[in-house]
Amino acid sequence: NVAVVLYTSDLRVHDHSPLRAALSSCDQVVPLFVRDRAIEESGFSAPNRRAFLADCLAGLDCALRERGGRLVIRSGDAVGEVVALVRETDADEVHMAAGVSGYAHAREEALRTALEAEGRRLYVHDMVVTAVAPGALRPAASDHFAVFTPYLRRWSELPPRTVTAAPRVIRVPESPRSEPLPERSAVTGVSPGLARGGEREGRRLLGAWLREGVDRYHEVHDDLAGDATSRLSPHLHFGTLSAAEAVHRARAAGGAGAEAFVRQLCWRDFHYQVLAARPESATRDYRTRRDSWRTGPGAREEIEAWKEGRTGYPVVDAAMRQLRHEGWMHNRGRLLAASFLAKTLYVDWRIGARHFLDLLVDGDLANNQMNWQWVAGTGTDTRPGRVLNPVRQGLRYDPEGAYVHRWVPELAGLPAPRVHEPWRLPEAERARYDYPEPLVELADGLARFRQGRGIE
Ligand code: FAD
């Protein structure tokens, strides 16, 4: 008998319970990836993620072929394509990883109904995309945790789940039709410094990170120029790396750095469980603050300047240019660039989140939207009124100015600390740098945020 394994955000063969389960219950397995038209047409599939995805699919096909299998690619309506393949191969069952977004849930339900109508079964496996399944942990009076620290406590106490090895052999039925693998080189508009995707690369990065990087993570993770974080986020997003395996191996490595790293992985699960319980938070305020966000031509110009890294605040501009160049941004950069848009410019967080999703290779509905809401003070931050000061942030997290020098070359000749406040230079010296004046004074930004938010 035959099983179909429907791949979504879990593009790997290691620690993959849907593949394992399919192999243990059926003689033959058809691994399938559907280029879902609804996603491709939603605008959610941005060039950087499409390019990275192409690497991941090529890698997955390669890993499956090494084991005797291969990846079938189809495009169109996900449910329709699965049902068609089930009929073609006479498969009895379909296995897939549980999704968290509202769309993923709706797709699962539609697939379950369609398969039942065919007399076939759908098995949805949790803890494939996250280390701990959304909904597995609940506080006494709610369906999800709205505060991180109690979630972290409960999450840390859970006995770790077993991490499974990749299967050795995969038997596939007589060649079901497959479309060609998408090619990275065919995607246009990709950031020049975009990382490489694929399970092999994800595993290599994790190994190198645990050997060489994680030990000092707790001390250096906020150092913008040091770039000393794992850079595993795109691999976790596409599932070329199992979050549970990353937690498991980091815990085994031990030490304060590994502990801090595992805590960040818990943040990932935390945001997933919020979005799973409140899928509408992808677009609606998790906590309504009755904001009167700035709109109109003035705001539009400022938004454009923010997107292009021309705000006149060097550390914000450096972060925004890193995003455009690499399709990735340092977490500290994300925090201060998002705070600048949502609080200093007082522009609706959805506009910033959309721009991030257009560029981020790890762009992810749960982590992006819920982090944006956290920064904007409409989400789960317990101090929603805090505003990050970009000058102080620059002085603290880029004390040598090296991050600004790297991404804002116009200011490369200006040493720290002055590089974080170029507007303070004497006029003659200021004129040497072809760099914009601040879009808004910080005190004015703060005043309009407080007024708009109704903070006394
Ligand atoms: P590391 O510091 O090495 O952390 C390890 C892993 O922990 C990360 O790969 C990530 O999976 C997880 N993690 C770390 N910080 C967070 C966090 N704050 N929330 C959730 N998970 C976290 N992360 C995304 O994966 N996708 C996004 O779309 C995304 N958008 C963001 C938007 C904003 C405004 C902010 C403030 C943060 C966003 N993050 C997002 C979280 C975080 O910035 C990135 O996960 C991190 O910078 C990725 O780099 P890294 O892999 O080197 O992280």
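Residues numbered from 1 in each chain as written. Predicted model: local features only at pLDDT ≥ 70, side-chain atom pairs only at ≥ 80, totals over all residues.

- Per an unreviewed UniProt entry, the protein chain is named Deoxyribodipyrimidine photo-lyase, and its organism is Streptomyces cirratus.
- For the protein chain, the Sequence similarities (unreviewed entry) comment in UniProt is given as "Belongs to the DNA photolyase family." (UniProt positions renumbered as here; feature names shortened; annotations may be inferred.)

## Digging into the overall build of the protein chain
Thinking step 1. In terms of regular secondary structure, the protein chain is built from 20 helices and five strands.
Thinking step 2. Computed over C-alpha atoms, the radius of gyration of the protein chain comes to 23 Å, within 12% of the 23 Å expected from 2.2 N^0.38 for 456 residues, which places it in the range of a compact globule.
Thinking step 3. By its C-alpha atoms, the protein chain is 80 × 45 × 45 Å across when sized along the principal axes.
Thinking step 4. Here the protein chain holds 456 residues, and 45% of them are scored as buried.
Thinking step 5. Excluding contacts between residues fewer than 6 apart, the proportion of contacts in the protein chain whose partners are at least 24 apart in sequence is 78%. (Helix = DSSP H or I, 4+ residues; strand = E, 2+ residues; numbered from the N terminus. Rg over C-alpha atoms; globule rule 2.2 N^0.38 Å. Buried ≥ 20, exposed ≤ 12 C-beta atoms within 10 Å, placed from the backbone. Contact = placed C-beta atoms within 7 Å.)

## Topic: the confidence of the model for the protein chain
Low pLDDT marks regions whose predicted coordinates should not be analysed in detail.
Thinking step 1. With 100% of its residues at a pLDDT of 70 or more, the protein chain shows a mean pLDDT of 96.
Thinking step 2. The ipTM for the predicted assembly is 0.99, set against a pTM of 0.97. (pLDDT = per-residue confidence, 0-100.)

## Comments concerning the UniProt feature "domain: Photolyase/cryptochrome alpha/beta" (unreviewed entry) in the protein chain
Thinking step 1. The positions UniProt marks with the feature "domain: Photolyase/cryptochrome alpha/beta" (unreviewed entry) are residues 1-130.
Thinking step 2. The span residues 1-130 carries 47% helix and 23% strand; its end-to-end C-alpha distance comes to 30 Å.

## Considering helix α13 (residues 314-326)
Thinking step 1. Compared with an ideal rise of 1.5 Å per residue, which puts 13 residues at 18 Å, α13 spans 18 Å between its outermost C-alpha atoms and is within 8% of the ideal.
Thinking step 2. Counting buried residues in α13 gives eleven out of 13 residues, a clear majority hidden from the surface.
Thinking step 3. Those residues of α13 that are buried are in contact with α12 (296-308), α14 (331-344), α15 (349-359), α17 (390-397) and α18 (402-407).
Thinking step 4. Once α13 ends, the next one or two residues include Gly327, with phi positive near 70°. (Expected span 1.5 Å × (residues − 1).)

## Points about the site of the ligand
Thinking step 1. Around the ligand, a shell composed of 28 residues is seen, among which Thr229, Ser230, Ser233, Asn368 and Asn371 lie nearest.
Thinking step 2. The dominant element in the shell around the ligand, judged by the number of residues it contributes, is helix α11 (residues 256-277), at six residues.
Thinking step 3. Grouping the amino acids of the shell around the ligand by side-chain chemistry returns eleven nonpolar, twelve polar and five charged. (Near = placed C-beta within 6 Å. Nonpolar A, V, L, I, M, F, W, Y, C, P; charged D, E, K, R; others polar.)

## Points about the packing of α11 against helix α16 (residues 365-376)
Thinking step 1. Their axes nearest at 8 Å, the elements α11 and α16 cross at an angle of 90°. When the axes of α11 and α16 are compared, the pair comes out roughly perpendicular. In this structure, α11 contributes Arg268, His271, Tyr272, Val274 and Leu275 to the contact, and α16 contributes Leu365, Ala366, Asn367, Met370 and Asn371.
Thinking step 2. Grouping the amino acids of the contact of α11 with α16 by side-chain chemistry returns six nonpolar, three polar and one charged. (Axes fitted to C-alpha atoms, helices over the stretch in contact; angles between N-to-C directions. Parallel < 35°, antiparallel > 145°, perpendicular 65-115°, else oblique.)

## Comments concerning the domain arrangement of the protein chain
Thinking step 1. Partitioning the protein chain into domains gives domain 1 (2-128), domain 2 (130-160 + 198-277) and domain 3 (296-453).
Thinking step 2. The straight-line distance from the C-alpha centre of domain 2 to that of domain 3 is 26 Å.
Thinking step 3. Each side of the interface is counted separately: domain 2 has 17 residues, and domain 3 has 20 residues.
Thinking step 4. Only α9 (233-238) and α11 provide two or more residues apiece to the side of domain 2 that touches domain 3.
Thinking step 5. Among the elements that take part in the side of domain 2 that touches domain 3, α11 stands out by supplying five residues, more than any other. (Domains from an automatic or database assignment.)

## As for helix α20 (residues 442-453)
Thinking step 1. For α20, spanning twelve residues, the distance from its first C-alpha to its last is 16 Å, which sits close to the expected 16 Å at 1.5 Å a residue.
Thinking step 2. One or two residues past the end of α20 sits Gly454, with phi positive at roughly 75°.

## Considering the nonpolar core
Thinking step 1. By size, the foremost hydrophobic cluster in this structure holds 122 residues, and its most contacted members are Val4, Leu32, Val82 and Val94.
Thinking step 2. For this core, the element with the highest residue contribution is α11, accounting for ten residues. (Core = buried A, V, L, I, M, F, W, Y, C linked by C-beta atoms within 7 Å.)

## Description of the sheet that holds strand β3 (residues 72-76)
Thinking step 1. Read across the sheet, five strands follow the order β3-β2-β1-β4-β5 without closing on themselves; strand pairing throughout is parallel. Looking along the sheet, the strands with just one partner apiece sit at the ends: β3 and β5 (121-125). Strand-to-strand twist across the sheet, computed as the mean angle between neighbouring axes with direction ignored, equals 30°.
Thinking step 2. Where strand β1 (residues 2-7) lies against strand β2 (residues 28-36), six bridges are found, and the strand directions are parallel. (Pairing = 2+ DSSP bridges.)

## Regarding the environment of Thr382
Thinking step 1. Turning to its location among the elements, Thr382 is positioned in the loop between α16 and α17.
Thinking step 2. Residues Thr382 and Val72, spaced 310 residues apart in sequence, show a C-alpha to C-alpha distance of 46 Å.

## Digging into unusual backbone geometry
Thinking step 1. The residue after Ala416, namely Pro417, is reached through a cis peptide bond having omega 5°.
Thinking step 2. Within the secondary structure layout, Pro417 lies in the loop between α18 and α19 (427-430).

## Considerations on the packing of helix α6 (residues 148-157) against α11
Thinking step 1. Two elements in contact, α6 and α11, have axes separated by 10 Å at closest approach and are oriented at 110°. Taken as axis vectors, α6 and α11 run roughly perpendicular relative to one another. From α6, Phe148, Tyr151, Leu152 and Trp155 reach across to α11, where they touch Arg263, Cys266, Trp267, Asp269 and Phe270.
Thinking step 2. Broken down by class, the residue content of the contact of α6 with α11 amounts to seven nonpolar, no polar and two charged.

## Some words on the environment of Ala376
Thinking step 1. The residue Ala376 is located in helix α16 in this model.
Thinking step 2. In contact with Ala376, not counting residues within four places along its chain, are Ala342 and Trp349.

## Here we look at the pairing of strand β4 (residues 93-97)
Thinking step 1. With respect to burial, β4 is a largely interior element, four of its five residues being buried.
Thinking step 2. Taken together, the four bridges between β1 and β4 define a ladder with parallel strand orientation. Each residue of the ladder has a partner; that of Ala3, found in β4, is Glu93.
Thinking step 3. Pairing geometry for β4 and β5, over five bridges, is parallel. When the bridges of β5 are listed, Glu93 appears paired with Arg121.
Thinking step 4. Following the backbone out of β4, through helix α5 (residues 102-117) and into the adjacent parallel β5, one traces a crossover that is right-handed. (Right-handed = clockwise from strand over helix to strand, strands pointing away.)

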